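Read off the chains here:
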Amino acid sequence: MNVEELLTNELQLLGITKRYRGFRQVMSCVMLALDDEDRLLDITKTIYWEIANRFGCDTTCVERNIRTVARVAWNVNPGRLQELARYPLSGTPTASEFVTILFSHIQRTLMGTV
């Protein structure tokens, strides 16, 4: 299974389908982070900005769309989201936290990192 298939499967388990604008944006965010993990240190400037340019929108739109899918994930399958996070979540994760949770899961699963 490749990165995109794994990520698509996880998003669907969390109730996030391709009908959400944030679906493709989250996929792109995780892929950028996998290319260079240091991008997660300043996600707004290094990831959201690039995604906004790709999708022809503003960085605030990207963040809002990711917040929306994070909220959907929390409402549909909070147990799975907490499994992916590997730490207790007291509520919906922030947009950057959601991207980081997915990034870490993909990295652990496909790249054998702990």
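Residues numbered from 1 in each chain as written. Predicted model: local features only at pLDDT ≥ 70, side-chain atom pairs only at ≥ 80, totals over all residues. Heavy atoms only, no water.

## With respect to the pattern of salt bridges
In this structure the tally under the stated criterion is three salt bridges. R80 serves as the salt-bridge partner of E83, at 2.7 Å between the closest nitrogen and oxygen. Taken together, the residues E83 and R80, both in helix α5 (residues 78–85) and three residues apart, mark about one turn of the helix. Sharing partners across several salt bridges, the network here consists of E10, R80 and E83. (Salt bridge = Lys/Arg side-chain N within 4 Å of Asp/Glu carboxyl O. Helix = DSSP H or I, 4+ residues; strand = E, 2+ residues; numbered from the N terminus.)

## Considerations on the environment of I106
Locating I106 in the fold gives a position in helix α6 (residues 95–111). Once the C-alpha coordinates of I106 and E37 are considered, the two residues, 69 residues apart in sequence, prove to be 12 Å apart. If we ignore the near neighbours within four places in the chain, the residues touching I106 are V3, L6, L7, V30, L34 and M111. (Contact = heavy atoms within 4.5 Å.)

## Section: a positive patch on the surface
Taken together, the side chains of R21, R64, R67 and R71 define a basic patch exposed on the protein surface. Here the positive patch takes three residues from helix α4 (residues 59–76), the largest share from any one element. (Patch = residues over 30% accessible without salt bridge, like charges linked within 9 Å, V, L, I, M, F, W, Y side chains within 5 Å. Areas by Shrake-Rupley, 256 points an atom, 1.4 Å probe, with all protein chains shown as cover. Lys, Arg positive; Asp, Glu negative; His and termini not counted. Charge placed at Lys NZ, Arg CZ, Asp CG, Glu CD.)

## Describing the packing of helix α3 (residues 43–55) against α4
For the pair α3 and α4, the least separation of the axes is 8 Å and the interaxial angle reads 105°. The orientation of α3 relative to α4 falls into the category roughly perpendicular. Touching Y48, W49, I51 and A52 of α3 are T59, V62, E63 and I66, all from α4. A class-by-class count of the residues in the contact of α3 with α4 yields six nonpolar, one polar and one charged. (Axes fitted to C-alpha atoms, helices over the stretch in contact; angles between N-to-C directions. Parallel < 35°, antiparallel > 145°, perpendicular 65-115°, else oblique. Nonpolar A, V, L, I, M, F, W, Y, C, P; charged D, E, K, R; others polar.)

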